[in-house]
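Remarks on the overall topology
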2 protein chains.
Amino acid sequence: MSQPINKPSAKGLDVCLTPALIPLYNVEDYIVVVIDIFRATTSICYGIENGAEAIIPVSQVEECSAYLEKGFDYLLAAERNGEVVVGFDFGNSPFSYTKEKVAGKTIVLTTTNGTHALHLSRSAKKIVIGAFINLTAICNWLKQQDESILLVCSGWKNNFNLEDTLFAGAVVEQLKNSGFVVDDPALAANDLYNIAKDDLNKYLKKTSHSERLKKLGIEADIEFCLKIDLTTAIPILDGDRLVKLQ
Amino acid sequence: MSQPINKPSAKGLDVCLTPALIPLYNVEDYIVVVIDIFRATTSICYGIENGAEAIIPVSQVEECSAYLEKGFDYLLAAERNGEVVVGFDFGNSPFSYTKEKVAGKTIVLTTTNGTHALHLSRSAKKIVIGAFINLTAICNWLKQQDESILLVCSGWKNNFNLEDTLFAGAVVEQLKNSGFVVDDPALAANDLYNIAKDDLNKYLKKTSHSERLKKLGIEADIEFCLKIDLTTAIPILDGDRLVKLQ
């Protein structure tokens, strides 16, 4: 007689709307997807797709600088308040993460919001990096995992932002019929995505954040960050390094 | 020659999605509207409308009990996890706040989420209490104030919930053409309200929270809490007491 198959308890598909809310979750029960659409996680996905050997996320600009003294061929990337920090190779514009610039390299990266969310999620079962450019690839992989999933929006200075929430909603859209129990923030994110999906850029233009980004002269970055399924690589945290999921 | 009129700097209309995010705001710059639709702020609005002299919000059940010893004719109301605490007159069902029960009385109230949000907002310029039952009354009053407005959702155990966010979105709907600068959470709340407004109850039925409330047998409460413009009284915090705004 075959053993009875235990029905697994329901898997959760939850959305953490800002890093300030991470302490409300038992992060260790989840696979975490870190989201920072403008622009850290988009750039990380693009860099890993383009052959970067690893991207090392660090919290502080000083930690980033410290890698200079390690005598290794690191690229150093630091962004604060949307701008490249003086003295660094580049910030978090995806156009800095092309094949020519990053193939075979290790990049040390610190950004305003994205690395913060990542560090707060460190106790998760696995941490992967999501962006519109790898949306379907990451959703297909998530469907194959038998775990609860927490989508962590990096937000803006610990508060809610629309672009990260829309991406969370896009993931919910692809996963919601795969047997997950979906929490209130996930339902809200999914509804917002469905309002915005026909023209994400137009939808986001009404936000004050969009005005702020426009002043930084990064409209081409924004357009790139909203492109869907340009890439298939999934960056995953391995120790302290983000590498390509094999 | 008349004095030049100083153009006031833009007023903000901001939504704080959970009490955990209150520290991100300079609360002292705002008039705060505290929102806990299911069911604390609905009951407070209904009680004040029905002639309660005052409602005193306290954080702890023990503080609530302490009023018993003060030898005054207080009604004691305590709710935890959606249920009346044993030994108390009532919890936060709006049907406990009828004219017959509360007219002329002072009620000491502690609830899971609502009084928590209220206490964290204490440094605001003014604190008023909002619910669907006083929606238009409170919006009309807010339009007459020349101040930035922060709509504080009490949420559920410090996290986001849909019903409080929908009410915030309903307020944004009435105020958004009155010269406010609206933040990302307010835009999101407003979009969600516009999806849900034709049948709030139906929209909320998809949430897990709704399942939880159904188990508590309070579906009649829920229906009441979603009725719009039943009342016109606006509860305002005066010292440590919520009283009717005159």
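Residues numbered from 1 in each chain as written. Chains lettered and ligands numbered in written order. Predicted model: local features only at pLDDT ≥ 70, side-chain atom pairs only at ≥ 80, totals over all residues. Heavy atoms only, no water.

1. Points about the overall build of chain A
The helix and strand tally for chain A stands at 10 helices and 11 strands. Since a compact globule built from 246 residues should have a radius of gyration of about 18 Å, the 18 Å found for chain A is in line with a globular shape. In terms of principal-axis extent, the alpha carbons of chain A reach across some 65 × 45 × 30 Å. Split into buried and exposed, the 246 residues of chain A put 60% on the buried side. Nonlocal contacts in chain A, meaning residues at least 24 apart in sequence, comprise 78% of its contacts between residues at least 6 apart. Accessible surface for chain A amounts to roughly 10400 Å². Of this, 49% is attributable to carbon and sulfur atoms. (Helix = DSSP H or I, 4+ residues; strand = E, 2+ residues; numbered from the N terminus. Rg over C-alpha atoms; globule rule 2.2 N^0.38 Å. Buried < 20%, exposed > 50% of the residue type's maximum accessible area, 1.4 Å probe, protein only. Contact = heavy atoms within 4.5 Å. Areas by Shrake-Rupley, 256 points an atom, 1.4 Å probe, with all protein chains shown as cover.)

2. A few points about the packing of aromatic side chains
Residues and elements named next belong to chain A. If you walk through the whole model with that rule in mind, you get 12 aromatic pairs over all chains. Centre to centre, the rings of Y46 and F224 are 4.8 Å apart; their planes meet at 65°, and the pair counts as edge-to-face. Residue Y46 is located in helix α1 (residues 40–49), and its partner F224 is located in helix α10 (residues 219–225); the two are separated by 178 residues in the primary sequence. Here a set of aromatic residues connected by ring pairs shows up, and it is made of Y46, F95 and F224. Above the ring of F180, the side-chain terminus of K11 is found at 4.5 Å from the ring centroid. (Phe/Tyr/Trp six-rings, centres within 6.5 Å; stacked < 30°, edge-to-face > 60°. Lys NZ or Arg CZ within 6 Å of the ring centre and 35° of its normal.)

3. Some points on the interface of chain B and chain A
Often, the extent of an interface is quoted as the loss of accessible area upon association of its parts. Chain B puts 25 residues into the contact, and the matching count from chain A is 25 residues. Buried area between chain B and chain A, both sides added, is near 2000 Å², and the carbon and sulfur share of it is 65%. Here chain B is connected to chain A by 2 salt bridges. With a closest N to O distance of 2.7 Å, D191(B) and K206(A) form a salt bridge. Only α6 (162–175), α7 (184–196) and α9 (208–215) of chain B provide two or more residues apiece to the side of chain B that touches chain A. (Buried area = accessible area lost by both parts, 1.4 Å probe. Salt bridge = Lys/Arg side-chain N within 4 Å of Asp/Glu carboxyl O.)

4. Examining the nonpolar core
Residues L151(A) and L151(B) are the most contacted members of the largest nonpolar core, which totals 164 residues. Once you skip the residues sitting within four places of it in the chain, L151(B) turns out to touch L13(B), D14(B), V15(B), C16(B), V33(B), I35(B), A168(B), V171(B) and V172(B). Residues V58(A), Y67(A), Y74(A) and V108(A) belong to the second largest nonpolar core, which totals 11 residues. (Core = buried A, V, L, I, M, F, W, Y, C linked by side-chain atoms within 4.5 Å.)

5. Here's the deal with the packing of helix α5 (residues 135–144) of chain B against α6(B)
All names here are of chain B. At a closest axis distance of 10 Å, the pairing of α5 and α6 adopts a crossing angle of 50°. Between α5 and α6, the crossing angle belongs to the class labelled oblique. As α5 runs across α6, the sense of the crossing is right-handed. The residues of α6 that touch α5, namely those facing L135, T136, I138, C139, L142 and K143, are F167, A170, V171, Q174 and L175. Broken down by class, the residue content of the contact of α5 with α6 amounts to 8 nonpolar, 2 polar and 1 charged. (Axes fitted to C-alpha atoms, helices over the stretch in contact; angles between N-to-C directions. Parallel < 35°, antiparallel > 145°, perpendicular 65-115°, else oblique. Left-handed = near helix turned anticlockwise from the far one by under 90°. Nonpolar A, V, L, I, M, F, W, Y, C, P; charged D, E, K, R; others polar.)

6. Observations regarding α6(B)
Residue and element names in this part refer to chain B. With 14 residues, α6 extends 20 Å between its outermost C-alpha atoms, agreeing within 8% with the 20 Å of an ideal straight helix rising 1.5 Å per residue. A large share of α6 lies buried, amounting to 12 of its 14 residues. Among the residues of α6, L162, E163, D164, T165, L166, F167, A168, G169, A170, V171, V172 and L175 are the ones counted as buried. (Expected span 1.5 Å × (residues − 1).)

7. Observations regarding the side chain of N134(A)
Residues and elements named next belong to chain A. With respect to the helices, strands and loops of the structure, N134 is situated in the loop between β7 (126–130) and α5 (135–144). On the accessibility criterion, N134 (0% relative accessible area) is buried. A polar atom in the side chain of N134 sits 3.2 Å from the backbone oxygen of I129. For N134, the contacting residues outside a window of four places in its chain are C45, I129, D229, T231, A233, I234 and P235. (Polar contact = N/O pair within 3.5 Å; in protein donor to acceptor, adjacent residues only side chain to side chain.)

8. Structural notes on the relation of the copies chain B and chain A
When chain B is fitted onto chain A, the two copies agree to an RMSD of 0.0 Å after a turn of 180° and an axial shift of 0.0 Å. Seen this way, the second copy is the image of the first under a two-fold rotation axis. When the interface residues of chain B are mapped onto chain A, 100% of them are again interface residues, pointing to one common binding face. (Least-squares fit on C-alpha atoms with pLDDT ≥ 70 in both.)

9. Brief notes about the confidence of the model for chain A
Residues and elements named next belong to chain A. For chain A, the average pLDDT comes to 91, and 94% of its residues sit at 70 or higher. The low-confidence segment residues 1–8, where pLDDT is below 50, has 0 contacts with residues more than four positions distant or belonging to other chains. If you check the scores for this complex, the pTM reads 0.93 and the ipTM reads 0.92. (pLDDT = per-residue confidence, 0-100.)

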